[in-house]
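Here's the letter readout for the chains.
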Amino acid sequence: IRSEAQFVDNRINSNKKNFCYTIWNFVPKNLFEQFRRIANFYFLIIFLVQLMIDTPTSPVTSGLPLFFVITVTAIKQGYEDWLRHKADNEVNGAPVFVVRSGSLVQTRSKNIRVGDIVRVAKDETFPVDLVLLSSDREDGTCHITTASLDGETNLKTHYSVAETAVCQSVSQLEALQAVVECQQPEADLYRPLGPENLLLRGARLKNTKEIFGVAVYTGMESKMALNYKCKSQKRSAVEKSMNTFLIIYLGILLFEAILSTILKYAWQAEDKWDEPFYNQKTEQERNSSPILKFISDFLAFLVLYNFIIPISLYVTVEMQKFLGSFFIGWDLDLYHEESDQKAQVNTSDLNEELGQVEYVFTDKTGTLTENEMQFRECSINGTKYREVNGKLIPEGMTDDSPDGSTPHLIGDELLFVKAVSLCHTVQISYDQPDCLVGGGDPFSHANGFSSTHMEYYASSPDEKALVEAAKSLHPTLIICFSVLSLYASIHLPFLLFSYPHFLDFLAFTLPLDTNLFNMVIYFSSFNTYVLLSFCYLLFFFILPLSPLYLYPSPSLLLPPLQKGLRTLVVACRHFSPEEYDDVDRRLNAARTALQQREERLQEAFSYIEKDLQLLGATGVEDKLQDKVQETIEALRLAGIKVWVLTGDKHETAVSVSLSCGHFHRTMNILELLQQRSDNECAEQLRILGFVLIGYWRDFIRHLNTVLSEFLIKEDHVIQHGLVVDGASLSLALREHEKLFMEVCKNCSAVLCCRMAPLQKAKVVRLLKTSPEKPITLAIGDGANDVSMIQEAHVGIGIMGKEGRQAVRNSDYAIARFKFLAKLLLVHGHFYYIRIATLVQYFFYKNVCFITPQFLYQFFCLFSQQTLYDSVYLTLYNICFTSLPILIYSLFEQLVHPHVLQNKPGLYRDISKNSLLSFRTFLYWTLLGFCHAFVFFFGSYILMGEDTTLMGNGQMFGNWTFGTLVFTVMVITVTLKLALETHFWTWMNHFVTWGSIAFYFIFSLFYGGIIWPFLHTQDMYFVFVQLLSSGSAWFAIIIIVITCLFPDVVKKVFYRHLQPTSTQKSQVTWGGGAESKNM
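Computed from a predicted model, the values in this text were never measured in an experiment.

This part covers the overall build of the chain. Of the regular secondary structure elements, the chain holds 38 helices and 30 strands. The burial tally for the chain puts 55% of its 1078 residues in the buried class. Sequence separation of 24 or more characterises 76% of the internal contacts of the chain that already satisfy a separation of 6 or more. For the chain, the exposed surface amounts to about 47,300 Å²; the carbon and sulfur share of it is 58%.

Encoded structure:
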């Protein structure tokens, strides 16, 4: 028991808990996160070295780009975090009413404390976990929906604490003196202190005017918040590859610096080079420590070559991600017109990860389905009926045929309709409630009553669909006062039925392994009792039916199930008054038993549920979202495995998996269900392993080689699906994790049902941390999906009908599941190829940039003389070569978006981070070294033999040589990117040719004017002299062609002899589509 001071307030913080910014800690925390990046930390060290010792380049060359990178990144991350804080403030600042000082006081949600009595009105969400004290309903009940928690829109009934149910006024509640004793806050949504009393934060009050409840769990201790998973900032696979490449380049840098330092001292071993006549040492230099001098020289070379580590790579990547993320929000194909919702990007750091997904983990309710049940067909007494335009039409008839009217039902057919109309817990909301309250006759307006004035609310969406469908046969549920009596109109006049017993096995009496819903109805007109029973068809075997009561063919029950419909069997049993008295006595004895209550109830129910007469079956469709089946099939063709993780029961989940195409009709469905011990679970896993992994083949091979070969061939064409429940999963993960993973990986589809929120996250983490390290994506719409969304590499929230917890905690948000296909297959494809090329190109152009600097040291006695002017060093990555690659990374398209959607298999071409593999990285790096050698030695051959290149007989000097190399380099690396570009827009043309033109214009102005603020101006008139030489122009053209021609030949050779699927699609697409999109 905790004191009041130990309880947390009611603030919700959906930001990443280990990465939460405030006004006070933003600067230090953000700097800490940014300097965790290798390049940022490295350039900070280089900048400090330049400040402390005499180096060949100015500290500005490192400090300015570093400051630019840090600032831009901080602004981007600060803006995204501000959006998350804004969303949290809307929740924390929501107005609520609490009982204080004998009256209702309005305050903000964040001010609620444990022990406060809160009033919640109809259609409001619960701001805190509450124990229901009282309701405005006489029976003390209230009805809620948990759409924001688990995506389910069906109604759930909760009950007031018996001792406080009468406290319905503020004065009574203020005088209430009570103590609430409950367990410490825990994340389990399915084991609260009392499921019928506890109202969870995020749920919404329905069909009840108002309720009062006492706050027990607040803020980050509420069950919804405890199911948020603590996590640090996500990092994409591309960023991890970048860090690996940076380490390799850091090794190259250290090698070049150490080699240059050693060669310098080897060269200076001779006195004539150690202290030439034109560069005499000072006395201090002669007496300085050799070790310190070696370190100083090493650091000087480190600074000289430091630009091989491209700091501007990070800022370009950040800008590309931030600007590129707007394309998702702007995509009209991802806009849902009905809800007026467009796709939303909560973090742009993971754009390219959308192109690398290997596993998709999806919720079912509200994600794959609309959670709107629609009645489709039924079978009554051997006759099949189907729903056509809101009417039940016997099979073989049409809606417009003379016999297509609603049939006249008698006998068992009428009893079937009565069962569907009466065996439920549906509640009704009226547009005209005055006729139904205050003791008025509920049937006073019946003759003129329109069913359009009522709205049904049910604890199960199946019930609502069946009751609405029953109206097609004229029964209409008018009013339900309580569980004791019910009025219904079935072929007027009205008949009165009463509930002697209400046996909702699913909700009240038995564990969830039974699937019956029963009700004993008393027909007053006939003085008889009838047990009406519903049962899911998948559990049909528990009904002890005699063949006498079966239809002419039991197969009439199977078609609805084969169609993926939620199929329920309807049965009945007639009781005489004497038999009912015996049933009543057994039930009361079992319910009041102090010991072994559940076992005795089970015995009583088993006694009742026998000799049932089969009346028929119903087929209800859990309405799928639009194009779910096509989306799952597209993901499968793209090489992405789909796992469904749901809290629903087994039969419901399997039904939806069949209807949405997650499970195929021909798929062999394997089950790991209701395992109660480690040994039992291990044995079942071994059996599944024999089936899937092929351990049984060795045994068969010993018996019959021919049979074995036949079975192996057959096994190749069989697809397997696995169904596992939460309890079995817990056992499997405890000691048999490796075997469980082997079984799952050999299944084409996996369905996990009865999953708690944290179990979903454990499954995602299990795949995520497996040896293959696959990229995972989780998608859901409820608060119970938040942990899964946060655990996966990429988290996507569905903008459901109620609640935004999943959306606020996701990386991306879309309105419908069908949008996932384009998000991955198109946007993911584009983002990945763009940023992969960006990363490789940056390393390539920086190798081209620094390698001539290294080669130049062999010709200047390793004196640390720079080849390029310091302005060129600073502007190379910032101005001269930055815009072409940025525009490329925003607009590049290898193939048209329609082709990517129509050919999901193209997604496989970029899977496994193929464009950033070590082989590709090695190619770009070696290409950079080759081009750098051509730049340097091509220019050296032209100028190295004291050749006169000027018309007046003058020769080029040091800075002219360096400028020639730099000019050739800028042109070559820009044209290299042009060769990689497939999708040309006016912006590509503008920045490509504009960058080259800008370099020439800038160099002319920089070297053609004496700038008064510069201490030295070594480049004065150098560029003008270079351009005045025809030989220099000729050299530039020859060197550029020499570099790029082999690359063109390679591309043509590979495209014709070994084309990839993407290149074949480019040929199919043709140039017409490209020109059209330009």
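So, about the side chain of Asn30. Among the structural elements, Asn30 can be located in helix α1 (residues 26-34). Not counting the four nearest positions on each side in its chain, Asn30 is found in contact with Tyr21, Asn25, Ala74 and Gln77.

Spatially, nine strands are ordered β10-β30-β29-β28-β11-β24-β27-β26-β25 in an open sheet, and the strand pairing comes out mixed. On the outer flanks of this sheet lie β10 (344-345) and β25 (668-672), each paired with one strand and no other. Strand direction decides the pairing type here: strand β24 (residues 641-645) and strand β27 (residues 749-753), joined by three bridges, are parallel. Within the sheet, the bridge partner assigned to Val644 lies in β27 and is Leu751. Docked against the sheet, helix α20 (residues 650-659) engages β25, β26 (720-725) and β27, running at close to 150° with respect to β27.

Where charged atoms of side chains with opposite charge meet at close range, the side chains can pair. Taken as a whole and assessed by the stated rule, the structure comprises 23 salt bridges. Here Asp116 ties to Arg100 by a salt bridge, and the two come within 2.9 Å at their closest N and O atoms. Placement of the pair is Asp116 in the loop between β2 (103-108) and β3 (117-121) and Arg100 in strand β1 (residues 95-100), with a sequence separation of 16 residues. Given the relative accessible area of 13%, Asp116 is considered buried. Judged by relative accessible area, which is 30%, Arg100 ranks as partly exposed. We note a salt bridge from Lys760 to Asp785, for which the minimum N-O separation is 2.7 Å. Residue Lys760 is found in helix α26 (residues 757-768), and its partner Asp785 is found in the loop between β28 (776-780) and α27 (786-791); the two are separated by 25 residues along the sequence.

Backbone hydrogen bonds hold the strands of a sheet together, and the pairing may be parallel or antiparallel. Strand order across the open sheet formed by six strands is β2-β1-β3-β9-β4-β7, with antiparallel pairing between neighbours. The sheet is open, and its two borders are formed by β2 and β7 (198-199), each paired with just one other strand. Note that strand β4 (residues 129-135) and β7 share two bridges and pair antiparallel. In the strand pairing of β7, Leu130 is matched with Leu199.

Moving on: the nonpolar core. If you look at soluble globular proteins, the nonpolar side chains tend to sit buried side by side. Core analysis: the largest hydrophobic core is formed by 98 residues, its most contacted members being Ile309, Val839, Phe849, Tyr868, Phe966 and Met969. In contact with Tyr868, other than residues within four places in its own chain, are Cys848, Phe849, Pro852, Gln853, Leu873, Trp959, Gly962, Val965, Phe966 and Met969. One finds Val360, Val642, Phe663 and Ala749 within the second-largest nonpolar core, a separate group that totals 46 residues.

On the surface, Leu254, Ile258, Ile262, Ile291, Leu292, Phe294 and Ile295 cluster together into a nonpolar patch covering about 640 Å² of accessible area. Listing elements by their share of the nonpolar patch, those giving two or more residues are α7 (237-267) and α10 (290-305). Residue contributions to the nonpolar patch peak at four residues, all from α10. Along the chain, the position of Ile262 falls in helix α7.

In the structure shown here, the tally under the stated rule is 51 aromatic pairs. Seen from their ring centres, Phe849 and Phe966 are 6.2 Å apart, and the 70° between their planes marks the pair as edge-to-face. Note that Phe849 is positioned in helix α29 (residues 819-856) and Phe966 in helix α34 (residues 958-980), a separation of 117 residues in sequence. Residue Phe849 is classed as buried on the basis of its relative accessible area of 0%. In this structure, Arg119 is placed above the aromatic ring of Phe97, and the distance from its NZ or CZ to the ring centre is 4.9 Å.

To continue, consider the environment of Cys660. Take Cys660: it is sitting in the loop between α20 and β25. It is 9.3 Å that separates the C-alpha atoms of Cys660 and Glu633, two residues lying 27 residues apart in sequence. Here Cys660 is in contact with Leu368, Leu624, Val628, Gln629 and Ile632, once residues within four sequence places are set aside.

Burial along strand β11 (residues 359-362) is two-sided: Tyr359 and Phe361 facing one way and Val360 and Thr362 facing the other are all buried. Relative to β24, β11 runs parallel, the two being bridged by four bridges. Paired with Thr362 across the strands is Val644, a residue of β24.

Looking at the chain, the pLDDT average stands at 76 and 76% of residues meet or exceed 70. A low-confidence stretch, residues 1071-1078 (pLDDT under 50), is modelled with nine contacts involving residues beyond four sequence positions or located in other chains.

Before going further, it helps to spend a moment on the pairing of strand β9 (residues 210-217). Taking burial as the measure, the eight residues of β9 include seven buried ones, the bulk of the element. With five bridges connecting them, β3 and β9 associate as antiparallel partners. What sits directly across from Val118, in β9, is Gly213. Pairing geometry for β4 and β9, over six bridges, is antiparallel.

Tracing the sequence through the fold places Asn877 in helix α30 (residues 870-880). Along the backbone, Asn877 and Lys845 are 32 residues apart, and their C-alpha atoms lie at a distance of 9.0 Å. Excluding residues that lie within four positions of it along the chain, Asn877 makes contacts with Ser312, Phe842, Lys845, Asn846 and Ser882. Reaching out from Asn877, the side chain makes a polar contact with the side chain of Lys845 at a distance of 2.4 Å.

Before going further, it helps to spend a moment on α10. The terminal C-alpha atoms of α10 lie 22 Å apart, and with 16 residues this matches the ideal 22 Å at 1.5 Å per residue to within 8%. Those residues of α10 not exposed but buried are Asp297, Phe298, Ala300, Phe301, Leu302, Val303, Leu304 and Tyr305.

Turning next to unusual backbone geometry. Here the phi dihedral of Asp340 falls at roughly 55°; this positive angle occurs in a residue that is not glycine. As for its position among the elements, Asp340 is in the loop between α12 (326-330) and β10. For Asp340, a relative accessible area of 55% puts it in the exposed group.

A separate point is the packing of α7 against helix α11 (residues 311-324). The geometry of α7 relative to α11 is characterised by a closest axis approach of 13 Å and an angle of 170° between their N-to-C directions. It follows from the interaxial angle that α7 and α11 lie roughly antiparallel. Two secondary-structure elements touch here, α7 through Glu239, Met242, Asn243 and Leu246 and α11 through Leu313, Tyr314, Val317 and Lys321. Tallied by class, the residues present in the contact of α7 with α11 amount to five nonpolar, one polar and two charged.

Right, let's get into the side chain of Lys206. Here Lys206 lies in strand β8 (residues 204-206). Of the polar contacts made by the side chain of Lys206, one reaches the side chain of Asp123; its length is 3.2 Å.

Note that Ala783 resides in the loop between β28 and α27. The exposure class of Ala783 is buried, given its relative accessible area of 3%. A C-alpha to C-alpha distance of 6.3 Å links Ala783 and Met224, two positions 559 residues apart in sequence.

Turning our attention to the packing of α30 against helix α35 (residues 986-1008). Two elements in contact, α30 and α35, have axes whose closest approach is 12 Å; the angle formed by their N-to-C orientations is 150°. When the axis of α30 is compared with that of α35, the two are roughly antiparallel. Crossing of α30 against α35: the hand is right-handed. For the pair α30 and α35, the contacting residues are Val871, Tyr872, Leu875, Cys879 and Phe880 in the first and Ser995, Phe998, Tyr999, Phe1002, Ser1003 and Tyr1006 in the second. Among the residues forming the contact of α30 with α35, the class breakdown is nine nonpolar, two polar and no charged.

About the criteria used
Residues numbered from 1 in each chain as written. Predicted model: local features only at pLDDT ≥ 70, side-chain atom pairs only at ≥ 80, totals over all residues. Heavy atoms only, no water. Helix = DSSP H or I, 4+ residues; strand = E, 2+ residues; numbered from the N terminus. Buried < 20%, exposed > 50% of the residue type's maximum accessible area, 1.4 Å probe, protein only. Contact = heavy atoms within 4.5 Å. Areas by Shrake-Rupley, 256 points an atom, 1.4 Å probe, with all protein chains shown as cover. Pairing = 2+ DSSP bridges. Axes fitted to C-alpha atoms, helices over the stretch in contact; angles between N-to-C directions. Salt bridge = Lys/Arg side-chain N within 4 Å of Asp/Glu carboxyl O. Core = buried A, V, L, I, M, F, W, Y, C linked by side-chain atoms within 4.5 Å. Patch = residues over 30% accessible without salt bridge, like charges linked within 9 Å, V, L, I, M, F, W, Y side chains within 5 Å. Phe/Tyr/Trp six-rings, centres within 6.5 Å; stacked < 30°, edge-to-face > 60°. Lys NZ or Arg CZ within 6 Å of the ring centre and 35° of its normal. pLDDT = per-residue confidence, 0-100. Polar contact = N/O pair within 3.5 Å; in protein donor to acceptor, adjacent residues only side chain to side chain. Expected span 1.5 Å × (residues − 1). Parallel < 35°, antiparallel > 145°, perpendicular 65-115°, else oblique. Nonpolar A, V, L, I, M, F, W, Y, C, P; charged D, E, K, R; others polar. Left-handed = near helix turned anticlockwise from the far one by under 90°.

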